[in-house]
Amino acid sequence: MSLDSVTAFFATHAPDIAVERYANSTATVALAAEALGVEPGQIAKTLSLRQGDEVVLIVARGDARLDNRKYKNRFGQKARMLGLEDVELETGHPVGGVCPFGLARPLRVFCDVSLRDFDVVYPAAGAPDAAVRMTPDRLAALTQAEWVDVV
């Protein structure tokens, strides 16, 4: 279902972008970088966070970590990651395939400026063996993301 929703998203919104499947797992940044033959920073990881009653997604370069001070300054609260059991329920995607495309319901998406360190990034595509290739600005445009600096 998740891979199908991502494929349908791209068929509708960006038919020039192909969802690629890999023989090896892309479920973690390290595995994805190895499978795709790129550096870990080019993997665009999607973090699922709870802000009060709302769930938001932050997409950042793969080798970055949330900076708690920056996050609190931007969002006015401490970062609270979703529990593993809630990720698929809230996003429609399994852990290891979470991405800001083809979501189960609309969620606010934020792209960290760290993505702009690369000309091309590789977000997951709804399955632990799938990814897509695009520019950071295209990722932000397709997801109607707001740019933030939180890593």
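- If you look the protein up in an unreviewed UniProt entry, it shows as YbaK/EbsC family protein from Massilia pinisoli.

## Observations regarding the layout of surface pockets
Reasoning step 1: Empty space within the largest pocket amounts to approximately 440 Å³.
Reasoning step 2: In terms of lining residues, the largest pocket is bounded by 26 residues, among which Ala 27, Lys 45, Thr 46, Gly 96 and Val 98 are the most central.
Reasoning step 3: Sorting the residues of the lining of the largest pocket by element identifies helix H2 (29-36), strand E2 (43-51), helix H4 (84-91), strand E5 (122-123) and strand E6 (130-131) as the ones contributing at least two each.
Reasoning step 4: For the lining of the largest pocket, the leading source of residues is E2, giving six residues.
Reasoning step 5: In this structure, the second largest pocket encloses a volume near 200 Å³.
Reasoning step 6: Around the second largest pocket, the lining residues are Phe 9, Pro 100, Gly 102, Leu 103, Arg 105, Pro 106, Leu 107, Val 109, Leu 142, Thr 143 and Gln 144.
Reasoning step 7: Looking at the lining of the second largest pocket residue by residue, the class counts come to seven nonpolar, three polar and one charged.

## Side note on the sheet that holds E2
Reasoning step 1: Judged by pairing direction, the sheet is mixed, and its five strands sit side by side in the order E5-E2-E3-E4-E7 without closing on themselves. Where the open sheet ends on each side, the last strands, each with one partner, are E5 and strand E7 (146-148).
Reasoning step 2: Each of E2 and E5 touches H2; the most contacted strand, E2, lies at about 155° to it.

## Re the packing of aromatic side chains
Reasoning step 1: In this structure the tally under the stated criterion is five aromatic pairs.
Reasoning step 2: Taken together, a centroid distance of 4.7 Å and an interplanar angle of 40° make the contact between Tyr 71 and Phe 75 tilted. Taken together, the residues span about one helical turn, with Tyr 71 and Phe 75 both in helix H3 (residues 68-75) at a distance of four residues. Here the two residues Tyr 71 and Phe 75 agree in accessibility, since each one is buried.
Reasoning step 3: Where Phe 75 meets Phe 110, the ring centres are 5.0 Å apart and the plane angle is 80°; that geometry is what we call edge-to-face. Linking Phe 75 in helix H3 with Phe 110 in strand E4 (residues 108-112), this pair joins segments that are 35 residues apart in sequence. As far as the burial class goes, Phe 75 and Phe 110 line up, both buried.
Reasoning step 4: Through a chain of ring-to-ring contacts, the aromatic side chains of Phe 9, Phe 10 and Phe 101 assemble into a single cluster.
Reasoning step 5: Over the aromatic face of Phe 75 sits the side chain of Arg 74, whose NZ or CZ is 4.7 Å from the ring centroid.

Conventions adopted
- Residues numbered from 1 in each chain as written.
- Predicted model: local features only at pLDDT ≥ 70, side-chain atom pairs only at ≥ 80, totals over all residues.
- Heavy atoms only, no water.
- 1 Å grid on protein atoms, 1.4 Å probe; cavity = no way out; pocket = protein on both sides within 12 Å on 5 of 7 lines; lining within 4 Å.
- Points joined across faces, edges and corners; volume = space filled by probe spheres on them.
- Helix = DSSP H or I, 4+ residues; strand = E, 2+ residues; numbered from the N terminus.
- Nonpolar A, V, L, I, M, F, W, Y, C, P; charged D, E, K, R; others polar.
- Pairing = 2+ DSSP bridges.
- Contact = heavy atoms within 4.5 Å.
- Axes fitted to C-alpha atoms, helices over the stretch in contact; angles between N-to-C directions.
- Phe/Tyr/Trp six-rings, centres within 6.5 Å; stacked < 30°, edge-to-face > 60°.
- Buried < 20%, exposed > 50% of the residue type's maximum accessible area, 1.4 Å probe, protein only.
- Lys NZ or Arg CZ within 6 Å of the ring centre and 35° of its normal.

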